[in-house]
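# A structural walkthrough
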Amino acid sequence: MRYLPLLRRLPLLAAAGALALLAACSTVERGQSVPLERGASWVVLPFANQTDTPLAGQRAEAVAQALLIGQQVGAVRNAPRSTQQEALFNSDDSQRQEEALAWARAQQVRYALTGSVQEWRYKVGVDGEPAVGLTLQIIDVANGNILWSGTGGQSGWSREALTAVAHKLMRKLLHSGLADAH
């Protein structure tokens, strides 16, 4: 009889748990974190935009930079960028990333964060849910080695901002990549 109040609450607790699971529709794959030097210099390299959404890469870069600064990993800078028009219409993202990495080497930056955007849109339909797909990489600037990589996709509720969904996904990904920063 002592457990009767708990048994009455069990369906309510199960429903709340199911709702919590449905609230975050995401898929994330992350590599093992590696020891990173705390207080090192960082640069956010250009993100490849593999979507039909103009400037999705630059939007993701801005979120990434803010999250890195919030994690207090060290001094965070953006690589210099060419004209806005080039970012809109140039499909050679690898060349822009290589040029930015060469600039970072010349500046003796320790780590670089880069990535690609596979999805950055509101889904078509009645609800218009925001959907984001990202891949992130932490690179050792000196030798170009990829130290950590993570990828994921997440959708949100119909009244949620696309950038808010991107922020949540990127924070999940970076949390594991920066876990061993000391």
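Here's a quick rundown of the structure. Here the structure is a predicted model, which means the values were calculated and not measured. (Residues numbered from 1 in each chain as written. Predicted model: local features only at pLDDT ≥ 70, side-chain atom pairs only at ≥ 80, totals over all residues. Heavy atoms only, no water.)

Mapped onto the elements, Glu 160 comes out in the loop between β7 (146-155) and α5 (162-177). Residue classification places Glu 160 among the buried residues on the basis of a relative accessible area of 15%. Those residues in contact with Glu 160 that sit more than four places away from it in its chain are Tyr 122, Pro 130, Val 165 and Lys 168. (Helix = DSSP H or I, 4+ residues; strand = E, 2+ residues; numbered from the N terminus. Buried < 20%, exposed > 50% of the residue type's maximum accessible area, 1.4 Å probe, protein only. Contact = heavy atoms within 4.5 Å.)

Of note, Arg 59 is situated in helix α2 (residues 56-70). The exposure class of Arg 59 is partly exposed, given its relative accessible area of 41%. The spatial distance from the C-alpha of Arg 59 to the C-alpha of Trp 120 is 9.4 Å, given a sequence separation of 61 residues. When near neighbours in sequence (up to four residues on either side) are disregarded, Arg 59 contacts Thr 53, Pro 54 and Trp 120.

As a further point, take the pattern of salt bridges. A full pass over the atoms with the stated rule returns 4 salt bridges. Of the charged contacts, one joins Glu 37 and Arg 110 as a salt bridge, the two residues approaching to 3.6 Å between their closest N and O atoms. A residue pair is termed long-range when its members are at least 10 positions apart, and Glu 37 in the loop between β1 (25-30) and β2 (42-44) and Arg 110 in the loop between α4 (93-106) and β5 (111-122) qualify at 73 residues. Under the relative-accessibility criterion, Glu 37 is labelled partly exposed at 42%. The salt bridge involving Lys 168 is made with Glu 160; its shortest N-O contact spans 2.4 Å. Lys 168 gets classed as partly exposed once you look at its relative accessible area, which sits at 33%. (Salt bridge = Lys/Arg side-chain N within 4 Å of Asp/Glu carboxyl O.)

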